[in-house]
Amino acid sequence: MIQYKIELQDRYWYLIFRFLNKAKLNNNISATDVEETRTFLALLPIFASTIVMNCCLAQLSTYSVQQGMLMNKKLTQSFEVPPASLNAIALLLLLFSIAFYELFGKRISSSNNERSTSFNLKRIGAGLALTSVSMAIASIVEAKRKHEAVHNNIKISVFWLEFLYVLLSFSDMLTLGGMLEFFYRESPASMKTISTALGWFSTSLGFFLSSLLVDVTKAVTGWLDGKDANGSRLELFYAVLWKSNSSHLCTCFLWGWQDG
């Protein structure tokens, strides 16, 4: 049954990238080169589905900090929490979670290649799902913060943003870790280095896309043209990120089903 499933997967990618067969007419290109290229190209849809997740992650160092500056930062009467330091709590939780993963996660995954591939794809999918949840929460929190600030002149606690930091931190751990293991395991032997680099390339593209998306949003909608977060429609921008990442989550499920 497993062998039959693997044959179906190979047949699927063969049909998708059948144009590569023309390369075999070149005497300088071997059939092995063609098949390795086909395998590498089959990894790219999974890679592409994670770019928007990293775009969402970029908001932790930009608009989330601006939001925090307009919120109640007091921890005690004499001490205020710097908004940019909220990520420290998320990182501490992340460090503890890695120990739990090493203890329990390795038992969940199997030494069997098919099971391990499926496990890594599920990690990526779980990371993308957490990103969508975090963007939905971010949009709701921003709407609540602005309503209280504008209509009631009340600053809600900056720790409402901690949900966003924690969820995106765990999302980054699951997605990046899953990508690195998945790409290294599934890539051809001659392409393992470049395949591993796809995970970090996704991070770079995500942060670049964040800057581009902000500029386009300002030019087209004017949502982010306010002097501060109170004069902007940041909640709508977060909603756009939620919708974009959710569509990429569906893409990941679609292509992951073909791989796993």
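A short tour of the structure in this document, coming up. (Residues numbered from 1 in each chain as written. Predicted model: local features only at pLDDT ≥ 70, side-chain atom pairs only at ≥ 80, totals over all residues. Heavy atoms only, no water.)

**Quick look at the nonpolar core**
Of all hydrophobic cores here, the largest spans 27 residues; its most connected members are Met135, Phe237 and Tyr238. Every element with two or more residues in this core is listed here: α3 (51–57), α4 (63–69), α5 (86–108), α6 (113–151), α7 (162–186) and α9 (234–259). Ile124, Leu128, Met179 and Leu249 belong to the second-largest nonpolar core, a separate cluster that totals 17 residues. (Core = buried A, V, L, I, M, F, W, Y, C linked by side-chain atoms within 4.5 Å. Buried < 20%, exposed > 50% of the residue type's maximum accessible area, 1.4 Å probe, protein only. Helix = DSSP H or I, 4+ residues; strand = E, 2+ residues; numbered from the N terminus.)

**Re the packing of helix α2 (residues 31–48) against α7**
One can describe the packing of α2 onto α7 by two numbers: an axis separation of 10 Å at closest approach and a directional angle of 165°. Put simply, α2 runs roughly antiparallel to α7. Two packed elements cross with a definite hand, and for α2 against α7 that hand is right-handed. Residues Thr39, Leu43, Ile46 and Phe47 of α2 touch α7, and the partners they reach there are Phe182, Phe183 and Glu186. (Axes fitted to C-alpha atoms, helices over the stretch in contact; angles between N-to-C directions. Parallel < 35°, antiparallel > 145°, perpendicular 65-115°, else oblique. Left-handed = near helix turned anticlockwise from the far one by under 90°. Contact = heavy atoms within 4.5 Å.)

**Remarks on unusual backbone geometry**
Positive phi, normally seen in glycine, also occurs at asparagine 153, with a value near 55°. Its place among the elements puts asparagine 153 in the loop between α6 and α7.

**Some words on the packing of α2 against helix α8 (residues 192–220)**
At a closest axis distance of 11 Å, the pairing of α2 and α8 adopts a crossing angle of 30°. The angle between the axes of α2 and α8 places the two elements in the roughly parallel class. Relative to α8, the crossing made by α2 is right-handed. Of the residues in α8, those touching α2 at Phe40, Leu43, Leu44 and Phe47 are Ile194, Ser195, Leu198, Phe201, Ser202 and Leu205. Partitioning the contact of α2 with α8 into residue classes produces eight nonpolar, two polar and no charged. (Nonpolar A, V, L, I, M, F, W, Y, C, P; charged D, E, K, R; others polar.)

**Structural notes on the packing of aromatic side chains**
According to the stated counting rule, one finds five aromatic pairs in the structure shown. Taking the centre distance of 5.7 Å and the plane angle of 10° together, the rings of phenylalanine 47 and phenylalanine 201 count as stacked. Of this pair, phenylalanine 47 sits in helix α2 while phenylalanine 201 sits in helix α8, placing them 154 residues apart in sequence. Taking relative accessible area as the criterion, phenylalanine 47 reaches 9% and is therefore assigned buried. Judged by its relative accessible area of 43%, phenylalanine 201 is partly exposed. Taken together, a centroid distance of 6.1 Å and an interplanar angle of 45° make the contact between tryptophan 160 and phenylalanine 163 tilted. When its relative accessible area of 46% is taken as the criterion, phenylalanine 163 is described as partly exposed. Connected via pairs of aromatic rings, a cluster forms that spans Tyr63, Phe237 and Tyr238. If you follow lysine 192 out to its NZ or CZ, it ends over the ring of tyrosine 184, 4.7 Å from the centre. (Phe/Tyr/Trp six-rings, centres within 6.5 Å; stacked < 30°, edge-to-face > 60°. Lys NZ or Arg CZ within 6 Å of the ring centre and 35° of its normal.)

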